[in-house]
Amino acid sequence: MNRLPGRPRAVGWKVMASTGPTAALATAAALLLAGCSGSSGGNQVEDIPAFTLDKDTVDCKAAPDGSCDQITVYATPVHMERRDKSPLLIARSVDGAPGIPLEFSSRPTQLPDGRWQLVVHLNPDRPAGVYVGALHVDLDAVAPEGKQYRGARLSYRLEVSALTASTTPLPAVVPGAAPWTEAPAGATRSGYVPVSLDVSKFSRRWKTWVLGGTDLTGPGVPALIDGQILVPQARAFGSAPGPNALALSEQDGKPQWSVTIPGERLTGVIAAGDRAIWSSVQSTTPQYVYNAYLTNRSAGTQLGSRPLTDPNDPKFWLMTGNTLYLPDRSKGQMTALNLDDLQTRWTVTAEPSPASLLPVHGYFGATLADGVVYTHSGINFRAFRDSDGGQLYDVPADGGQTLPLKLYESQTPVIADANTVLAMDRPRYVQPDAVVNAGIQALSRSDGSVRWTVRQPFRGLPVTANGVLYAANQGNRTIEARSVADGSVLWSWPMDAGDTSWQLTMVLTDTHLFVSTDQRTIAIDLATHQAVWRHAQGGWLGMTQRGTLMIMAPNFGTASAPTSLTAIDLR
């Protein structure tokens, strides 16, 4: 599960932690699966049983990368005149206990005999410990005057065992491998790491957990660079609230440093060399304030800042060498900033103003190759000289929209080879498993002319190398290998039964393609076109320069509920 790269799994509703009266009220508000409940007051209130359950307790013992079976619970209404009223489900942890591990796999379903079927399971993807609490099954109905409905209670207990981290030294850097930040596999955004792998060597290196900030926003997409993992809007599990920028070691997953970047929330981080830039937002009256903060990577020391005029999403930023390429959606501009002082090198118009009084532009990003910066806004495709921002060409985008409210995601171009660049558009603000057509088109790098276009319900950016691009088709639930030359399908691989949606990132090597669903991560052998390895955790994927696969769980993390990061040794 994007935010992201981080979107919730589509299998059900995750329960957030509740450790006190205030948190319990917040949890109840978030988990009203069937309307609002009510009861009459008075000094003498008679309790009326609402449901009886066919079991009182559920429990499971598992490792953090293990699983617990789904549990079916039957709730029988006590009062037949209320049998059609759906149960109201509220999960709570015991005061002082860690976050709630209970998940719902579906909404309550009423059976022909009047019983309600509840499907729940305990999620062991959390630090070692014992998690206890209860699911309260209440009645969504108003009781007669002077009476109140008393719900049933299902107690849960989850015991998570500890994991042993690998102490094996990290392998050498893969020749030609680039940092994996918001620009996958470097400035070309190809998602390709030039390494051959042996599946027999795949094993978990370590797994750790991070907490979100002080609000309900969980950790953001990490940046992987030079043995370091930078996580925005996060702090180490078990640490005191306050810090919101965290650096972990690729060797063992342990914190290197944790600092506080100004602002109410960090929306992302991007890094190059010994520098990192964090995107920050602060709510003020009458509008939000956005800033970019420059730090070093050795200790997180703040080196400078720059105000932003737009809620920039760092996945569209590009940071390479000594330059940050920063799109400004509010103005349709692209700015190149010098990292030494965050001063402007050049600013160009990357998108024409829409034919509307509303200053709304599409989402777009920058890609750099051979001294040329490419941008794609969904309306047009442009190329600029990196030296001075001089425009080389400007061509209309195939299927481009000039309507001001037609917003896009994944607009960043992908370099396919010396002659071809891939551009993609997809309407923004759709459900993770929604079937919405998106366009992939191949354009000439020399003049922007369109060579071919394919329009399917693709998710995320394609990855590409060696004349083949790989795209996640949500419509037919397959990974498609297509020819860069003409866009034709070369072969495909179907999603596992029971999985619902592709996640937004893939990782490509010389021998394997790593893809993720809402349920698991899979390695597909490029020679046999078959899945040869599976890991029971899906989410955001990235690869370090030493060939370590990183998996960030779908983002449910908050200030009290953890999000996991898993490192997989591949070499």
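Residues numbered from 1 in each chain as written. Predicted model: local features only at pLDDT ≥ 70, side-chain atom pairs only at ≥ 80, totals over all residues. Heavy atoms only, no water.

## Some details on the overall build of the protein chain
We apply this condition: Numbered from the N terminus, helices here are DSSP runs of H or I no shorter than four residues, and strands are runs of E no shorter than two. The buried label applies to any residue whose accessible area, calculated with a 1.4 Å probe on protein chains only, is under 20% of its type's maximum; exposed applies above 50%, and partly exposed to all values in between. In these tables, accessible area is a Shrake-Rupley quantity obtained with a 1.4 Å probe, and a residue counts as shielded only by the protein chains included in the view.
Looking only at helices and strands, the protein chain features one helix and 46 strands. A total of 571 residues make up the protein chain; the buried ones form 58% of that total. Entry remark: accessible area of the protein chain is about 22000 Å², with carbon and sulfur atoms responsible for 50%.

## Quick word on the sheet that holds strand E12 (residues 152-160)
In plain terms, the rule: Strand pairing is defined by DSSP finding a minimum of two bridges between the two strands. Between N-to-C directions, angles span 0 to 180 degrees; the directions come from axes that are lines fitted to C-alpha atoms, helices contributing only their stretch in contact.
Taken together, four strands build an open sheet; the order of strands is E4-E12-E10-E6 and the sheet is mixed. Since the sheet does not close on itself, it has two edges, and those belong to strand E4 (57-62) and strand E6 (87-93), each with one partner. Between one strand and the next, the sheet's axes are offset by a mean angle of 15°, whatever the strand orientation. Pairing of strand E10 (residues 129-139) with E12 involves nine bridges; the strand directions are antiparallel. Bridge pairing links Leu135 to Leu154 in E12.

## Structural notes on the pattern of salt bridges
Rule in force here: Here, a salt bridge means any side-chain nitrogen of Lys or Arg that lies within 4 Å of a carboxyl oxygen of Asp or Glu.
Applying the stated criterion across every chain, the model contains 17 salt bridges. Of the charged contacts in the structure, one is a salt bridge between Asp386 and Arg345, with a shortest N-O distance of 3.6 Å. Pair noted here: Asp386 is in the loop between strand E29 (380-385) and strand E30 (391-396) and Arg345 is in strand E26 (residues 343-349), with a separation of 41 residues, a long-range link. What makes Arg345 partly exposed here is its relative accessible area of 31%.

## As for the sheet that holds strand E36 (residues 458-465)
One open sheet accounts for four strands, arranged E36-E37-E38-E39; its pairing is antiparallel. Bordering the open sheet on either side are E36 and strand E39 (489-494), each of which pairs with just one other strand. Between one strand and the next, the sheet's axes are offset by a mean angle of 20°, whatever the strand orientation. Taken together, the five bridges between E36 and strand E37 (residues 468-473) define a ladder with antiparallel strand orientation. If you follow Ala465 over to E37, its bridge partner there is Val468.

## A few points about the pairing of strand E24 (residues 323-328)
Each regular strand shows side chains that alternate between the opposite faces of the sheet. With six of six residues buried, E24 lies mostly within the body of the structure. Side chains of E24 alternate between two faces, with Thr323, Tyr325 and Pro327 and Leu324, Leu326 and Asp328 buried alike. Linking E24 back to strand E25 (residues 333-338) in an antiparallel pair, the connection comprises four residues, with Gly332 at a positive phi of about 70°.

## Quick look at the state of the cysteines
The line we're drawing: When the sulfur atoms of two cysteines come within 2.5 Å, that pair is taken as a disulfide.
Scanning all chains against the criterion turns up one disulfide. Paired by a disulfide, Cys60 and Cys68 hold their sulfur atoms 2.1 Å apart. With the S-S bond torsion at -90°, the cross-link from Cys60 to Cys68 turns out left-handed. Per residue, the accessibility class of Cys60 equals that of Cys68, and both read buried.

## Here's the deal with the pairing of strand E43 (residues 531-535)
Relative to E43, strand E42 (residues 521-525) runs antiparallel, the two sharing four bridges. In the sheet register, Ala523 faces E43, and the bridge partner there is Trp533. Between E42 and E43, which follow one another and run antiparallel, lie five residues, and His529 among them has a positive phi close to 65°.

## A short note on the nonpolar core
What counts here: Buried residues of nine kinds, namely Ala, Val, Leu, Ile, Met, Phe, Trp, Tyr and Cys, make up a nonpolar core once their side-chain atoms join them within 4.5 Å. Contacts are residue-level and defined by heavy atoms, with any inter-residue pair within 4.5 Å sufficient.
In terms of nonpolar packing, the biggest core is built from 33 residues, with Trp180, Phe514, Leu549, Met550, Leu565 and Leu570 touching the most fellow members. Sorting the residues of this core by element identifies strand E13 (203-211), strand E15 (228-232), strand E17 (245-249), strand E44 (540-543), strand E45 (549-552) and strand E46 (563-569) as the ones contributing at least two each. A total of four residues in this core trace back to one element, the largest contributor, which is E45. Contacts of Trp180, omitting those with residues within four sequence positions, involve Ala185, Gly191, Val193, Pro222, Ala223, Leu224, Met506, Val507, Trp540, Leu541, Gly542 and Met543. Formed by 32 residues, the second largest nonpolar core is a distinct cluster that contains Leu89, Ile100, Leu118 and Leu139.

## Some words on the environment of Asp65
Heads up, the condition is: The term polar contact refers here to a pair of N or O atoms within 3.5 Å; inside protein, the definition further demands a hydrogen-donor-capable atom paired with an acceptor-capable atom, and it admits residues adjacent in sequence only when both atoms are side-chain atoms.
Here Asp65 is to be found in the loop between E4 and strand E5 (71-77). Separated by 59 residues in the primary sequence, Asp65 and Pro124 have C-alpha atoms spaced 7.2 Å apart. Ignoring anything within four residues of it in the chain, the contact list for Asp65 reads Leu163, Arg204, Lys207, His535 and Ala536. A distance of 2.2 Å separates the side chain of Asp65 from the side chain of Arg204, its partner in a polar contact.

## With respect to unusual backbone geometry
Note: most residues except glycine have negative phi, and most peptide bonds are trans. Even without being a glycine, Asn466 presents a positive backbone phi close to 55°. Tracing the backbone through its elements, the reader meets Asn466 in the loop between E36 and E37.

## Thoughts on the confidence of the model for the protein chain
The condition is simple: The pLDDT value expresses, per residue, how confident the predictor is, ranging between 0 and 100.
On average, residues of the protein chain score 82 in pLDDT, and 82% of them are at 70 or above. Across residues 354-361, confidence stays below pLDDT 50; counting only partners more than four residues off in sequence or on other chains, it has 21 contacts. Low pLDDT, under 50, characterises residues 399-408; the predicted model gives this stretch 34 contacts beyond four residues in sequence or across chains.

## A closer look at the environment of Gly439
Note that Gly439 resides in strand E34 (residues 438-444). Exposure remark for Gly439: the relative accessible area of 4% places this residue in the buried category. Considering only alpha carbons, one finds Gly439 and Gly378, 61 residues apart in sequence, at a separation of 9.5 Å. Leave out the neighbours within four places in its chain, and Gly439 touches Ala423, Met424, Asp425, Val454 and Arg455.

## Some details on the packing of aromatic side chains
In plain terms, the rule: Only centres within 6.5 Å qualify two rings of Phe, Tyr or Trp (six-membered ring in Trp) as a pair; their planes then separate them into stacked at under 30 degrees, edge-to-face at over 60, and tilted for everything else.
Enumeration according to the criterion identifies 10 aromatic pairs in this entry. Consider the rings of Phe202 and Trp533, whose centres lie 5.6 Å apart with planes at 85°: the pair is edge-to-face. Taken together, the positions of Phe202 in the loop between E12 and E13 and Trp533 in strand E43 put the pair 331 residues apart, joining distant regions of the chain. Here Phe202 matches Trp533 in class, with each residue buried.

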